[in-house]
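# Architecture at a glance
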Amino acid sequence: MSSAPTAVIVLAAGQGTRMKSSKPKVLHAIGGRSLLGHVLAAAAPLKAQQTVVVVGAGRELVRSHLEEIQPAAQACVQEEQLGSGHATRIGLEALTDVRGTVLVLNGDAPLLTADTLDAFAAHHATAGNAMTILSARVPEPRGLGRILRSGAAVTAIVEEKDADEQQRQITEVNAGVYAFDAAQLSAVISRLSRDNAQGEEYLTEAVSLLRADGAQVGAYVTESYEETLGCNDRIELAARGRQLNDRICAHWMREGVTIVDPQSTWIDADVELEQDVTILPGTHLVGATKIQQGATVGPDTTLKDCEIGPDATVVRTHGELAVIGANANVGPFAYLRPNTTLGERGKIGTFVETKNAQIGSESKVPHLTYVGDAVIGVDTNIGASSVFVNYDGVAKSQTTIGDHCRLGSDNMYVAPVSVGDGAYSGAGTVIRKAVPPGALAVSGGPQRNLLGWVVNNRAGTAAAEAAIAAGAPDTDAQQKDS
């Protein structure tokens, strides 16, 4: 884009004392991203040649976070937090051979969109302004700086405390986002004054300085004032989170996703949903979760970084880093731990926990079972109440089960061990050594019944009385008679 900014400066140096946190304000998260992450994500499609993030409080934490989310962004340090103008000067000094448009963004405005920033930069370039202010028309502008205009030109930004009664009726406010001609910004930034109660340099002073130089200052009004809202405390953090989630849910519903109850459904910004997905109430979709066409998720389900295949069903399940195949069925009350894979038309049922488990297509783990460090073939059934005994106190070992096996309830698979294709096992079997293909595995001796044991050893109990009434023999009396 010809209107694309040459550089972006993100102001992210403040601690955010009203957050009352050891963590810098810009690292607090909503919708699966930090506040700073949302701002950088909004700016990224503009493809600026340089991006600088001005850090200060908690700088090492912010730098580390930048390396994770946008390594190309350069961090520069504002040693003392001396206002927005001072921070912008620090950022400008970090840029190399900058020309064209420089965007200055706040690191705590998570609702800004790429579309708005694109339109804002285009307006700045078309208008030929030295400085353009992103503004918004706010229903309740109390406490916010008002935009004063003369026609299309901005004449001043007046703060609430300095505004007269007529100015306080103005609903167009400063959003704290600016576009500058790089040369004009360089010329004016060193002239900002600290002659104010806080002793800080304010970037808004650039309006009067540029106008005094005969330069043109304008403003671009956003379509939605909510995009410009910042985040200063935990109450506003929750409010921005709700606003972002409402936006995300609305987006996916417009794309053909059924969300039965958006108020109880939370979807992170990086989640991907396909057409005809159904999300039931109480569902949280977190991280890079992807759900394919026709799948149904929920109710009361949390999926983090999971992939759900077409037409699969996941009910009352907690899952992380799991892959569920097409037409598979999971839950209710399943726990999918990392590196779980379930093949097409497979089943992970009620009160089943899996971890590092590859379960083949059409295979079933229906009830009350733990599957850890295991590979299960196709069309195999794992009986209820089975445990894959994968840990000996020192190392974890793998169990391999073949195709078309029918394995009994209450089995223990003591790894490392394997079960061949087509094998069966009896209920209560402890499998400690390999089962050949087609074999029946059983363990334990034949059943013994000790007649009269309850009558003789639990005399006077309800069980003994019931046994006597049912004709249970008294083995002691039988022994005396003999």
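Presented here is a report on the structure given in the accompanying data block. (Residues numbered from 1 in each chain as written. Predicted model: local features only at pLDDT ≥ 70, side-chain atom pairs only at ≥ 80, totals over all residues. Heavy atoms only, no water.)

A word on the overall build of the protein chain. If you tally the helices and strands in the protein chain, you get ten helices and 37 strands. At 33 Å, the protein chain has a C-alpha radius of gyration far larger than the 23 Å of a compact globule built from 482 residues. For the protein chain, the spread of C-alpha atoms along the three principal axes comes to 120 × 50 × 45 Å. When the 482 residues of the protein chain are sorted by exposure, 45% land in the buried category. Of all intrachain contacts in the protein chain linking residues separated by at least 6 positions in sequence, the fraction that spans at least 24 positions is 39%. (Helix = DSSP H or I, 4+ residues; strand = E, 2+ residues; numbered from the N terminus. Rg over C-alpha atoms; globule rule 2.2 N^0.38 Å. Buried < 20%, exposed > 50% of the residue type's maximum accessible area, 1.4 Å probe, protein only. Contact = heavy atoms within 4.5 Å.)

Moving on to the packing of aromatic side chains. All chains considered together, the criterion is met by four aromatic pairs. Considering the side-chain rings of Phe120 and Tyr220, the 6.3 Å spacing of their centres and the 45° angle between planes classify their relative orientation as tilted. Residue Phe120 is found in helix 4 (residues 114-127), and its partner Tyr220 is found in strand 11 (residues 217-221); the two are separated by 100 residues along the sequence. Here the guanidinium or amino end of Lys396 rests over the ring plane of Tyr391, the centre of that ring lying 5.9 Å away. (Phe/Tyr/Trp six-rings, centres within 6.5 Å; stacked < 30°, edge-to-face > 60°. Lys NZ or Arg CZ within 6 Å of the ring centre and 35° of its normal.)

Here the second largest pocket is characterised by a volume of approximately 650 Å³. Looking at the lining of the second largest pocket, the elements with two or more residues in it are helix 1 (35-43), helix 4 and helix 7 (234-254). The dominant element in the lining of the second largest pocket, judged by the number of residues it contributes, is helix 7, at eight residues. When the residues that make up the lining of the second largest pocket are grouped by side-chain class, the tally is 13 nonpolar, six polar and seven charged. (1 Å grid on protein atoms, 1.4 Å probe; cavity = no way out; pocket = protein on both sides within 12 Å on 5 of 7 lines; lining within 4 Å. Points joined across faces, edges and corners; volume = space filled by probe spheres on them. Nonpolar A, V, L, I, M, F, W, Y, C, P; charged D, E, K, R; others polar.)

Further remarks concern the packing of helix 1 against helix 2 (residues 59-69). The interhelical angle for the contact between helix 1 and helix 2, taken along N-to-C directions, is 45°, at an axis separation of 11 Å. If you check the angle between helix 1 and helix 2, you find them oblique. Along this stretch, helix 1 crosses helix 2, giving a crossing that reads as right-handed. In this structure, helix 1 contributes Leu36, Gly37 and Leu40 to the contact, and helix 2 contributes Val62, Leu66 and Ile69. (Axes fitted to C-alpha atoms, helices over the stretch in contact; angles between N-to-C directions. Parallel < 35°, antiparallel > 145°, perpendicular 65-115°, else oblique. Left-handed = near helix turned anticlockwise from the far one by under 90°.)

Turning our eyes to something else, we now look at the pattern of salt bridges. A full pass over the atoms with the stated rule returns 19 salt bridges. A salt bridge links Glu172 to Arg137; the nearest nitrogen and oxygen atoms lie 3.9 Å apart. With Glu172 in strand 10 (residues 172-181) and Arg137 in strand 7 (residues 131-137), the pair connects residues that are 35 residues apart, well separated along the chain. Under the relative-accessibility criterion, Arg137 is labelled partly exposed at 48%. Among the charged side chains, a salt-bridge network with shared partners connects Arg89, Glu93, Arg194 and Glu201. (Salt bridge = Lys/Arg side-chain N within 4 Å of Asp/Glu carboxyl O.)

Following Gly298, the chain continues to Pro299 via a peptide bond in cis, the omega torsion being 0°. Looking at where Pro299 falls in the secondary structure, it is placed in the loop between strand 18 (296-297) and strand 19 (302-304). Between Ala415 and Pro416 the backbone carries a cis peptide bond, its omega angle lying at 0°. Its place among the elements puts Pro416 in the loop between strand 33 (412-414) and strand 34 (417-419). A positive phi angle, near 50°, is found at Asp97, a position not held by glycine. Mapping Asp97 onto the fold places it in the loop between helix 3 (84-94) and strand 6 (101-106). The phi torsion at Asp410 lies on the positive side, around 60°, for a residue other than glycine. With respect to the helices and strands, Asp410 occurs in the loop between strand 32 (406-407) and strand 33.

To continue, consider the pairing of strand 1 (residues 7-12). Counting buried residues in strand 1 gives six out of six residues, a clear majority hidden from the surface. Sheet topology places strand 1 next to strand 6; five bridges connect them, and they run parallel. Paired with Leu11 across the two strands is Asn106, which belongs to strand 6. In this sheet, strand 4 (residues 50-55) lies alongside strand 1 in parallel orientation, the contact comprising six bridges. Across the sheet, residue Ala12 finds its bridge partner in strand 4, namely Val55. (Pairing = 2+ DSSP bridges.)

Let us now look at the environment of Thr155. Considering the arrangement of structural elements, one finds Thr155 in strand 9 (residues 153-158). The exposure class assigned to Thr155 is partly exposed, which follows from its relative accessible area of 26%. Considering only alpha carbons, one finds Thr155 and Gln216, 61 residues apart in sequence, at a separation of 9.3 Å. Beyond its immediate sequence surroundings of up to four residues, Thr155 is in contact with Leu148, Arg149, Ser150, Val207 and Arg211.

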